[in-house]
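A look at the structure
For reference, the chains in residue letters:
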Amino acid sequence: MSGIIEAASSAGKRKTMRKLSMLIALVIAAVMCLSAAACGAEPEKAIIGTWKAKIDLTDFMNDHIAEAMGGKRPEKTAKAVCTLVAVFNKDTTVTLSFDNEEMNSSLSKYFDSLYDYMVESVYDKFMSDPEYGYDSREELDEVFELLGIDIDALVEQSLSSLNANQFFPEDFALIENGKYRLEDGKLFISENGEDFDPEHYFLFELSGRRLKITGICGGFDFTSSDFDIDEALPIVFKKQWK
């Protein structure tokens, strides 16, 4: 009896494996078909959809922190990374924005990593400025103690007050109601949804689910933030599955 049960069980396992193998083969075939279709599609059709790209804002943030502190740039900080989201629609409308939730999370970790830098900056400021005339940290610590100042608490309070909105507006969007047009490897975008400027465009390469922005000609004044998107080039977008 046990032999019959084992044989039946073995046959069942083989049947299940065959079904699983067929399913995997079908999935692979479907993915290959989609990839082939994307590669063979005209750019005007292939670009339609939602695309995402990672942008490293660390250098941008470090420059601003150094300017605010009036000293050297921070080192060994957490990465300030965000996701740029581009949506190209069939009616040739386009939006370009950051994932604000992810940006706030990333910048929060970045600000937390500034603690040691901020403490050192406070001491450096008092010790390097002739107006104060302090020669050592010990001397400063004595003064702070007499004044009832806790440097650690002061820095923590300063860092906790920092947020992404101080560097990027709350409704931060690069393009909200734009129009786009593709022509000979150039991506023209009208930020106001009206006329296209022939002197302002993006250079791009589109291959399958990969959209690479390689250059910007003419310059674009996207937002009130002084973030320069040229510094992030090349920007590689990946098309999102529906």
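Below is a short write-up of the structure. (Residues numbered from 1 in each chain as written. Predicted model: local features only at pLDDT ≥ 70, side-chain atom pairs only at ≥ 80, totals over all residues. Heavy atoms only, no water.)

At a minimum axis separation of 11 Å, helix H3 (residues 58-69) and helix H5 (residues 115-128) run at an interaxial angle of 25°. If you check the angle between H3 and H5, you find them roughly parallel. Like other packed secondary-structure pairs, H3 and H5 cross with a definite hand, here right-handed. In this structure, H3 contributes Ile65, Ala66 and Met69 to the contact, and H5 contributes Tyr117, Met118 and Ser121. Taken together, the residues of the contact of H3 with H5 break down into 5 nonpolar, 1 polar and no charged. (Axes fitted to C-alpha atoms, helices over the stretch in contact; angles between N-to-C directions. Helix = DSSP H or I, 4+ residues; strand = E, 2+ residues; numbered from the N terminus. Parallel < 35°, antiparallel > 145°, perpendicular 65-115°, else oblique. Left-handed = near helix turned anticlockwise from the far one by under 90°. Contact = heavy atoms within 4.5 Å. Nonpolar A, V, L, I, M, F, W, Y, C, P; charged D, E, K, R; others polar.)

Turning next to the packing of aromatic side chains. Counted under the stated rule, the structure contains 6 aromatic pairs. Judged by centre distance (6.5 Å) and plane angle (65°), the rings of phenylalanine 126 and tyrosine 134 are edge-to-face. Ring-pair connections join several aromatic residues into one group, and the members of that group are Tyr123, Phe126, Tyr134 and Phe144. The ring of tyrosine 123 has arginine 137 lying over it, and the distance from NZ or CZ to the ring centre is 3.8 Å. (Phe/Tyr/Trp six-rings, centres within 6.5 Å; stacked < 30°, edge-to-face > 60°. Lys NZ or Arg CZ within 6 Å of the ring centre and 35° of its normal.)

Here the focus is unusual backbone geometry. With a phi angle near 55°, lysine 76 is a residue other than glycine that sits in the positive phi range. As for its position among the elements, lysine 76 is in the loop between H3 and strand S2 (81-88). Residue lysine 76 is classed as exposed on the basis of its relative accessible area, which comes to 83%. A positive phi is found at aspartate 184, a non-glycine position, where the angle reads about 50°. Within the secondary structure, aspartate 184 is located in the loop between strand S4 (173-183) and strand S5 (186-190). (Buried < 20%, exposed > 50% of the residue type's maximum accessible area, 1.4 Å probe, protein only.)

A word on the packing of H5 against helix H6 (residues 137-147). Relative orientation of the contacting elements H5 and H6 amounts to 95°, with a least axis distance of 10 Å. When the axis of H5 is compared with that of H6, the two are roughly perpendicular. From H5, Val119, Glu120, Tyr123, Phe126 and Met127 reach across to H6, where they touch Arg137, Leu140, Asp141 and Phe144. A breakdown of the residues in the contact of H5 with H6 according to their chemical character gives 6 nonpolar, no polar and 3 charged.

It is worth spelling out the pattern of salt bridges at this point. Scanning the model with the defined rule gives 6 salt bridges in all. Of the charged contacts in the structure, one is a salt bridge between arginine 137 and glutamate 120, with a shortest N-O distance of 2.8 Å. Residue arginine 137 is found in helix H6, and its partner glutamate 120 is found in helix H5; the two are separated by 17 residues along the sequence. Two residues, glutamate 183 and arginine 181, come together in a salt bridge whose shortest N-O distance is 3.5 Å. For arginine 181, a relative accessible area of 33% gives the class partly exposed. (Salt bridge = Lys/Arg side-chain N within 4 Å of Asp/Glu carboxyl O.)

Together, Leu146, Leu147, Ile149 and Leu154 make up an exposed nonpolar region whose accessible area comes to about 430 Å². Its location among the elements puts leucine 147 in helix H6. (Patch = residues over 30% accessible without salt bridge, like charges linked within 9 Å, V, L, I, M, F, W, Y side chains within 5 Å. Areas by Shrake-Rupley, 256 points an atom, 1.4 Å probe, with all protein chains shown as cover.)

The next thing to look at is the nonpolar core. Core analysis: the largest hydrophobic core is formed by 47 residues, its most contacted members being Phe88, Leu187 and Phe237. Tallying contributions element by element places H5 first for this core, with 5 residues. In this view, leucine 187 contacts Phe88, Tyr180, Arg181, Leu182, Tyr201, Phe202, Phe204 and Ile213; residues no more than four positions away in its chain are not counted. (Core = buried A, V, L, I, M, F, W, Y, C linked by side-chain atoms within 4.5 Å.)

For sheets, the rule is that strands pair by backbone hydrogen bonds, running either parallel or antiparallel. Overall, antiparallel pairing links the 8 strands, which are arranged S1-S2-S3-S4-S5-S6-S7-S8 in a closed barrel. Each adjacent strand pair in this sheet contributes to an overall mean axis angle of 35°, direction not counted. In this sheet, S2 lies alongside strand S1 (residues 49-56) in antiparallel orientation, the contact comprising 8 bridges. Among the inter-strand pairings, lysine 54 is bridged to a residue of S2, identified as threonine 83. Docked against the sheet, helix H4 (residues 100-112) engages S1, S2 and strand S3 (93-98), running at close to 170° with respect to S2. (Pairing = 2+ DSSP bridges.)

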